[in-house]
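# Structure assessment
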Amino acid sequence: MTISQANRFYEQDVKKYDISKNKELLTWLKDITKNGYYMFLDIEYLQELIDTIVYWYEMKYPEREMEFYEGTRYYDFENMESLSKTMNIKQLMYRLPHKQLRLMQCDYRSNGCDVRNIYDDKGEIIGHKTVLFMRIDRKGVEYNSYSMCSKLPDFLLYADANSGKVYVDYNLKEYVDVEDITLDELLALFKEKYTNELDFKNLELCIYDHNCDIELRRSILQLVALKLLYSNKTIPERGYERAKRFINEFNKKMGLNLSTEEIDEVINRDYTNGERFEDVLKNYVEEDGEKHSYWTGEDVHKKRGKNLTKLKI
């Protein structure tokens, strides 16, 4: 883009990535909160998350490195190593505060959780996993301490917080005839067959929170791409390139489905305002008489206007 085109580009920035000004996002957050969503991150934390990822990608792909691939060399920095491989998504996640990391991971959540060890074949601990649990109530069942066969009025449902895979124990086997089922699948099954027998509002809330978390993460990351595009630390073309790299990397490494549709539409708008430029070779002479040549863009309409001769009447 020319300077005038770039100015028009930045003039059209409505700063959607500034959450305090993003009425659409704020309205959505208000609506889902009214419907029971537990928002564990406030607006300031969400804004900080956007700004942190933008800063990370501007450090990961600096101006001089992008200019190098455009043909500009900085001999003072000729042997600098690229940090793009080192500054991977895992390194970024490691540096996020706990609540921001939770949103990026989008694990299932409930009021109860426990951390369990993961063992290898030799019985050695190789990691940890979070297990969540929630109460499922049996409708119309009262506990009879005198009867050995009496059902309990409720039971606990356990699941892997990351995958949502349910642990099918003896309580669930009364309702589930498979060993492999997720929380989402279990909710669908309960709604279909056991609405008269079970009160599973805690499971419904867990799934609702999880779905809202996923949509909120998607919205935040799309705003990251938009802020990278409109960054005033670069030019539109490089901002667009950073935003594309960010989207591609997050889609590939985190299995997301972020879209380039918005940034594609923004960068491809017509910012010429009717201008048409062509490359023109010009010359200039320094004070010592040395001649230099350079290419520049020249407005075709203005050029033609200069060549027009007024008609004498």
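Everything discussed here concerns the structure shown above.
Here the structure is a predicted model, which is why all the values come from computation and not from measurement. (Residues numbered from 1 in each chain as written. Predicted model: local features only at pLDDT ≥ 70, side-chain atom pairs only at ≥ 80, totals over all residues. Heavy atoms only, no water.)

## Some points on the nonpolar core
It is characteristic of soluble globular proteins that their nonpolar side chains tend to be buried jointly. In this structure, Tyr57, Phe246 and Phe250 are the most contacted members of the largest nonpolar core, which totals 47 residues. Elements represented by at least two residues in this core include exactly α2 (23-34), α3 (43-60), α5 (89-94), α6 (98-105), α8 (201-229), α9 (236-254) and α10 (261-267). Here this core gets 10 residues from one element, more than from any other, and that element is α8. In terms of nonpolar packing, the next biggest core, distinct from the first, is built from 25 residues, Ile136, Leu157, Val166 and Leu172 among them. (Core = buried A, V, L, I, M, F, W, Y, C linked by side-chain atoms within 4.5 Å. Buried < 20%, exposed > 50% of the residue type's maximum accessible area, 1.4 Å probe, protein only. Helix = DSSP H or I, 4+ residues; strand = E, 2+ residues; numbered from the N terminus.)

## Describing the packing of α3 against α6
In the contact formed by α3 and α6, the axes pass within 10 Å of each other and the chain directions differ by 75°. Classed by the angle they form, the pair α3 and α6 counts as roughly perpendicular. Of α6, the residues touching α3 (which contributes Tyr45, Leu46, Glu48 and Leu49) are Gln100, Leu103 and Met104. When grouped by side-chain class, the residues that make up the contact of α3 with α6 number 5 nonpolar, 1 polar and 1 charged. (Axes fitted to C-alpha atoms, helices over the stretch in contact; angles between N-to-C directions. Parallel < 35°, antiparallel > 145°, perpendicular 65-115°, else oblique. Contact = heavy atoms within 4.5 Å. Nonpolar A, V, L, I, M, F, W, Y, C, P; charged D, E, K, R; others polar.)

## Things to note about the pairing of strand β2 (residues 125-138)
In the sheet, strand β1 (residues 112-119) pairs with β2 via 8 bridges, with the strands oriented antiparallel. Across the sheet, residue Arg116 finds its bridge partner in β2, namely Lys129. In this structure, the hairpin formed by β1 and β2 is closed by a connection of 5 residues, where Gly123 is found at a positive phi of approximately 85°. The pairing of β2 with strand β3 (residues 154-160) spans 7 bridges and is antiparallel. In the strand pairing of β3, Val131 is matched with Asp160. (Pairing = 2+ DSSP bridges.)

## Re the packing of α6 against α8
Where α6 contacts α8, the axes come no closer than 8 Å and their chain directions differ by 105°. With respect to α8, the element α6 is oriented roughly perpendicular. Here Leu103, Met104 and Gln105 of α6 come into contact with α8, specifically with Asp213, Leu216, Arg217 and Leu221. Among the residues making up the contact of α6 with α8, the classes are represented as 4 nonpolar, 1 polar and 2 charged.

## Overview of the pattern of salt bridges
A pair can form between side chains of opposite charge whenever their charged atoms are brought close. Applying the stated criterion across every chain yields a total of 15 salt bridges. Lys21 is paired through a salt bridge with Asp18; the nearest N and O atoms lie 3.9 Å apart. Relative accessible area serves as the criterion here: at 52%, Lys21 is assigned to the exposed category. In this structure, Lys201 engages Asp199 in a salt bridge whose closest nitrogen and oxygen atoms are separated by 3.1 Å. Residues participating in the shared-partner salt-bridge network are Glu63, Arg238 and Arg242. (Salt bridge = Lys/Arg side-chain N within 4 Å of Asp/Glu carboxyl O.)

## Points about the environment of Glu65
With respect to the helices, strands and loops of the structure, Glu65 is situated in helix α4 (residues 63-69). Between the C-alpha atoms of Glu65 and Glu81, which are 16 residues apart in sequence, the distance is 9.7 Å. In this structure Glu65 touches Lys60 and Ser82, once residues within four positions along its chain are discounted. Within polar-contact distance, the side chain of Glu65 engages the side chain of Ser82 at 3.3 Å. (Polar contact = N/O pair within 3.5 Å; in protein donor to acceptor, adjacent residues only side chain to side chain.)

## Digging into the packing of aromatic side chains
Throughout the structure, instances matching the rule amount to 13 aromatic pairs. Pairing Phe9 with Tyr230 gives two aromatic rings, centres 4.9 Å apart and planes at 35°, and the pair type is tilted. Of the two residues, Phe9 sits in helix α1 (residues 3-11) while Tyr230 sits in the loop between α8 and α9, which places them 221 residues apart along the sequence. Neither Phe9 nor Tyr230 differs from the other in exposure class; each is buried. With centroids separated by 5.8 Å and ring planes inclined at 45°, the aromatic side chains of Phe133 and Tyr158 adopt a geometry described as tilted. (Phe/Tyr/Trp six-rings, centres within 6.5 Å; stacked < 30°, edge-to-face > 60°.)

Such coordinate-based values are descriptive only and should not be taken to indicate function.
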